[in-house]
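Now for the letters of each chain:
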Amino acid sequence: MGMHFKLGIYEHQSAGAIQGLIDVLSERPEIVIHLDKIKAICIRIYEPAFSIIGDPAKRDPRTRQSADHSMVYIIATLMRKAHQAKRVGWEPLMLLPDDYSPESLFDPLTRQLMDKIKFSHGGAEYDRKYPDGIPTTLEIE
């Protein structure tokens, strides 16, 4: 079985989407400049991740504990950080304690991006690949 090291503060089930986001933004860095042109960020993932970090109750996190287990908050925060840094990669996007402060939790840009995230279960095809992997698809429209 493989393993990975978790860099930053996030629920480990979101690691596939985080890497997917970094990959997409690395290939298309202009996305971080023009966030207003994003129509949707679509994430497909396996069960139990879908239930744990995709729970509809987690679409509006109000505490650090709910935010670090919210796929929409994690991805929207990374998008905001990339936009502010004007670059991508693990270093500028690493989620730190300040990313869960009240100011960050209710940041207007983060909240706008959260509204654009569509989160779905990938079905049996994704489920078969877990726990040996963390099958995730992330697409930006």
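Quick look at the structure, then. (Residues numbered from 1 in each chain as written. Predicted model: local features only at pLDDT ≥ 70, side-chain atom pairs only at ≥ 80, totals over all residues. Heavy atoms only, no water.)

1. Focus: the sheet that holds strand β1 (residues 41-45)
What counts, and what does not: Any two strands with at least two DSSP bridges between them are considered paired. For helices the rule is a DSSP run of H or I covering at least 4 residues; for strands it is a run of E covering at least 2, with both sets numbered from the N terminus onward. Axis geometry follows a simple rule: fit a line to the C-alpha atoms, using only the stretch in contact for helices, then measure angles between N-to-C directions, giving values from 0 to 180 degrees.
On the basis of which strands lie adjacent, the open sheet formed by 3 strands has the order β2-β1-β3 and mixed pairing. Where the open sheet ends on each side, the last strands, each with one partner, are β2 (117-121) and β3 (136-140). Shown here is a sheet whose adjacent strand axes are inclined to one another by a mean of 15 degrees, direction ignored. Where β1 and β2 come together, 5 bridges link them in parallel fashion.

2. Here we look at the packing of helix α1 (residues 15-27) against helix α5 (residues 71-85)
The line we're drawing: Roughly parallel refers to an angle under 35 degrees, roughly antiparallel to one over 145, roughly perpendicular to one between 65 and 115, and oblique to any angle outside these ranges. We call a crossing left-handed when the near helix sits turned anticlockwise from the far one by less than a right angle, and right-handed when that turn is clockwise. The contact definition used throughout considers only heavy atoms, calling two residues in contact when any of these lie within 4.5 Å.
One way to put it is that α1 packs onto α5 with a least axis distance of 10 Å and a crossing angle of 30 degrees. Here α1 is positioned roughly parallel relative to α5, judged by the angle of their axes. Helix-helix and strand crossings are classified by hand; for α1 and α5 the assignment is right-handed. Two secondary-structure elements touch here, α1 through Ala17, Ile18, Leu21 and Leu25 and α5 through Met71, Ile74, Ile75, Leu78, Met79 and Ala82.

3. Notes on helix α8 (residues 108-115)
The condition that has to hold: Here's how the labels work: a residue is buried when its accessible area is under 20% of the maximum for its type, exposed when over 50%, partly exposed in between, all with a 1.4 Å probe on protein chains only. To obtain the arc, one takes the directions from the helix axis to the C-beta atoms. Here a polar contact is recorded for every N or O atom pair within 3.5 Å, except that within protein the pair must consist of a potential hydrogen donor and a potential acceptor, and residues adjacent in sequence are included only if both atoms are side-chain atoms.
Those residues of α8 that fall on the buried side of the exposure criterion are Thr110, Arg111, Leu113 and Met114. One side of α8 holds all its buried residues, which, seen down the axis, span an arc of 160 degrees. Along α8, the residues that are exposed and aim more than 90 degrees away from the buried face are Pro108 and Asp115. Against α5, α7 (102-105) and β2 lie the buried residues of α8. Capping of α8 at its N-terminal end is provided by Asp107; its side-chain oxygen lies 3.0 Å from the backbone amide nitrogen of Leu109.

4. Thoughts on the nonpolar core
This is how it is decided: Only buried residues count toward a nonpolar core. Its members are Ala, Val, Leu, Ile, Met, Phe, Trp, Tyr and Cys residues joined through side-chain atoms within 4.5 Å.
If you look at the biggest cluster of nonpolar residues, it comprises 38 residues, and the most contacted ones within it are Ile41, Ile43, Met71, Ile75, Leu78, Met79 and Leu138. Sorting the residues of this core by element identifies α1, α2 (30-33), β1, α3 (49-53), α5, α8 and β2 as the ones contributing at least two each. At 9 residues, the largest contribution of residues to this core is made by α5.

5. A few points about the packing of aromatic side chains
Note the following rule: The aromatic pairing rule takes the rings of Phe, Tyr and Trp, using the six-membered ring of Trp, and pairs them if the centres are within 6.5 Å, calling planes under 30 degrees apart stacked, those over 60 edge-to-face and the rest tilted.
For the structure shown, the criterion picks out 3 aromatic pairs. Taking the centre distance of 5.5 Å and the plane angle of 20 degrees together, the rings of Phe50 and Phe119 count as stacked. Linking Phe50 in helix α3 with Phe119 in strand β2, this pair joins segments that are 69 residues apart in sequence. Ring geometry for Tyr73 and Tyr100: centres 5.7 Å apart, planes at 45 degrees, overall tilted. Of this pair, Tyr73 sits in helix α5 while Tyr100 sits in the loop between α6 (90-93) and α7, placing them 27 residues apart in sequence.

6. Describing the pairing of β1
With 4 of 5 residues buried, β1 is to be regarded as a mostly interior element. Pairing geometry for β1 and β3, over 5 bridges, is antiparallel. Across the sheet, the residue bridging to Ile45 is Thr136, located in β3.

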